[in-house]
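A closer look at the structure
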Amino acid sequence: MDPNRIMSSSFPLLFLILLCISSTAVGEIRFSEIRSDDRPIIPFDEFGFTHRGQLELNVTKISLVGPNSDSSTLDLSKVGFFLCTRDACIHVLQQIEDAEITCTLLSDSIHKVFTFDRLPNPNTDSFNFLYPESNADQYTLVFANCLPQLKVSMKVRSAMYNLENGKSNSRDYLSAGKTILPRVYFLFFIVYFVLAAVWINILYKKRLTAFRIHFFMLAVVILKAFNLLCEAEDKSYIKRTGSAHGWDVLFYIFSFLKGITLFTLIVLIGTGWSILKPYLQDKEKKVLIIVIPLQVIANIAQVVIDETGPYGQDWMTWKQVFLLVDVVCCCAVLFPIVWSIKNLREAARTDGKAAVNLMKLTLFRHYYIVVICYIYFTRVVVYALETITSYKYLWTSVVAGELATLAFYVFTGYKFKPEAHNPYFVIDDEEEEAAAEQLKLEDEFEL
Ligand SMILES: *[C@@H]1O[C@H](CO)[C@@H](O)[C@H](O)[C@H]1NC(C)=O
């Protein structure tokens, strides 16, 4: 089979996948540069318009290099920008597949924004264009180049925004379903701030039985709070001005620290470090040695994905890298918990303190299940929600993810809080006997 044929038949599928995972739709002023690119379709950002949406395009340094040196013979109506909703994009690709049309720009399901035949003359190398979009929906800005062998280079500044209602006509650069996100993030920041205060209070009251891991937990909560604060600021600057004014950098820094400390915390708690034992085994250290660098890679991938957008040729690769690394990290953190469960089970059988070990076992089993639920919810369910909810309610998936994360933090803090005589778990009144044994065991630990 001719490689070009394979390329063109697999391209729509690729594009669809691309569209489906590019549902981030943050919206902001985006600078993109395209160099000698002959891809027939280049997706730019996705954005949810209200009925007062606008797209501002400023394109400079245009250079079209065709197979012939004479560019005046090119049919430039087949090169240009269009907007399409997700359904329309799928429909157009179907039409191309079925050979009903030869160029995406000829389809009537798309909203044509600007075709290059509208340039005053073929040698013009820049244009500015303002396109009002009054049909509220979620659109993808796409550049189409239906001329085979035409290589396009240009610098594109694209800004999509909605005009706010009221006299001010001020611009809202956040996508329709995300415009309340700054408030959502700020609210969660306050919640974590309160949590941190509560935890400090607990640490102070129980300072005699607090372990190092409890201070580590405090650090994780504080980093999470700062991360949310930066995200709120980042989004609110983007909302008002279209760019983050440096808050994105702070946000990435805190995301990075939060990611590393959270995964480390899950591993440390999973191993029972400082709660069950003061040291880490070699294989447990190895998990950390794997997870921490992977988190570094995941964070770099996240930055690249967020900052470039789908037009970049490597964007897909980074997206895949991120998914892969994330999956590996999520699996890796489960091992120490499984090892702890195994050790406790063996101990329960051999050392004659079955009741106590069984209770610890239950705690670690619960923790295992909760970690899995947390990972599953924040990766799969949130993603599914993001895909199925209408673009107008995209914030709901953010709220769902943050609530799941909050529940996980609260569960972890509650189950592993410093206890007066019992660092691992709460004992019911009926379990007095077991508690007595537990105390004995603890004495052994302290020796
Ligand atoms: C971009 O294009 C819009 C619409 O024509 C124009 O109002 C605006 O001034 C341009 N901005 C830049 C930076 O050229």
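Our subject is the structure that appears above.
As the structure is a prediction and not an experimental result, all values here were calculated from the model.

The subject of this paragraph is the pattern of salt bridges. On inspection of all chains with the given rule, the structure shows 12 salt bridges. Among the salt bridges present, the one from E46 reaches R86, with a minimum N-O distance of 3.1 Å. Taken together, the residues E46 in strand β2 (residues 41–49) and R86 in helix α2 (residues 86–97) connect sequence positions 40 residues apart. Classification of R86 by relative accessible area gives partly exposed; the value is 23%. Three or more residues are tied together by salt bridges with common partners; here these are E56, R157 and R171.

Okay, the packing of aromatic side chains next. For the structure on display, the rule yields 21 aromatic pairs. Ring geometry for F189 versus F193: centroids 5.9 Å apart, planes at 45 degrees, classification tilted. Of this pair, F189 and F193 both sit in helix α3 (residues 181–205), 4 residues apart, which is roughly one turn of that helix. Given the relative accessible area of 14%, F189 is considered buried.

Attention now goes to the site of the ligand. Around the ligand sit E56, L57, N58, N128, F129 and L130, and those are all the residues in its vicinity. A distance of 2.4 Å separates an oxygen atom of the ligand from a polar side-chain atom of N58. A total of 360 Å² of accessible area belongs to the ligand in isolation, and the protein chains cover 49% of it. Elements with a minimum of two residues in the shell around the ligand: β3 (53–65) and β6 (127–133). Split into classes, the residues belonging to the shell around the ligand amount to 3 nonpolar, 2 polar and 1 charged.

A grouping of K283, K342, R345, R349 and R365 is seen on the molecular surface, where their side chains present a positively charged patch. Ranked by residues supplied to the positive patch, first place goes to helix α8 (residues 334–350) with 3 residues. As for its position among the elements, R349 is in helix α8.

Looking now at the sheet that holds strand β4 (residues 79–85). If you trace the 4 strands from one edge of the open sheet to the other, you get β2-β7-β4-β5, paired in antiparallel fashion. At either margin of the open sheet sits one strand with a lone partner, and together these are β2 and β5 (111–115). When the angles between neighbouring strand axes are averaged without regard to direction, this sheet yields 20 degrees. Where β2 and strand β7 (residues 137–145) come together, 7 bridges link them in antiparallel fashion. Residue F47 lies in a different strand from β7, and its bridge partner there is Y139. Those strands touched by α2 are β2, β4 and β7, and its axis lies near 125 degrees from that of β4.

What counts and what doesn't
- Once a new chain begins, its residue numbering starts again from 1 and follows that chain's sequence as written.
- Local features in a predicted model are, by the rule used here, given only for residues with pLDDT of at least 70; side-chain atom pairs are given and counted only at 80 or more, and totals for whole chains, interfaces and linings are based on all residues.
- Side-chain measures were taken over the full set of non-hydrogen atoms in the model, leaving aside hydrogen atoms and water.
- Every case where a carboxyl oxygen of Asp or Glu lies within 4 Å of a side-chain nitrogen of Lys or Arg is listed as a salt bridge.
- By the criteria applied, helices consist of DSSP H or I runs no shorter than four residues and strands consist of E runs no shorter than two, each listed in order from the N terminus.
- For each residue, the accessible area found with a 1.4 Å probe, counting protein chains only, is set against the maximum for its type, and the residue is called buried under 20%, exposed over 50%, and partly exposed in between.
- We call Phe, Tyr and Trp rings a pair once their centres come within 6.5 Å, taking the six-membered ring for Trp, and we label the pair stacked below 30 degrees between planes, edge-to-face above 60, and tilted otherwise.
- Near, as used in this document, describes a residue that has one of its heavy atoms within 4 Å of the molecule or strand being considered.
- We define a polar contact as two N or O atoms separated by no more than 3.5 Å, with the added condition that, inside protein, one atom must be a possible hydrogen donor and the other a possible acceptor, whereas residues neighbouring each other in sequence contribute only through side-chain atom pairs.
- Shrake-Rupley sampling with a 1.4 Å probe provides the accessible areas, and residues are treated as covered by the protein chains on show and by no other component.
- Nonpolar residues are Ala, Val, Leu, Ile, Met, Phe, Trp, Tyr, Cys and Pro. Charged residues are Asp, Glu, Lys and Arg, and all others, Gly as well, are polar.
- Patch definition: residues above 30% relative accessible area lacking any salt bridge, with like charges linked at up to 9 Å and the nonpolar side chains Val, Leu, Ile, Met, Phe, Trp and Tyr linked at up to 5 Å.
- Counted as positive: Lys and Arg. Counted as negative: Asp and Glu, with His and the chain ends omitted from the count.
- Charge positions are represented by NZ for Lys, CZ for Arg, CG for Asp and CD for Glu.
- Pairing between two strands is assigned when DSSP locates at least 2 bridges connecting them.
- Interaxial angle, 0 to 180 degrees, is taken between N-to-C directions of lines fitted to C-alpha atoms, where a helix line uses only the stretch in contact.
- Residue contacts are counted whenever heavy atoms from the two residues lie within 4.5 Å of one another.

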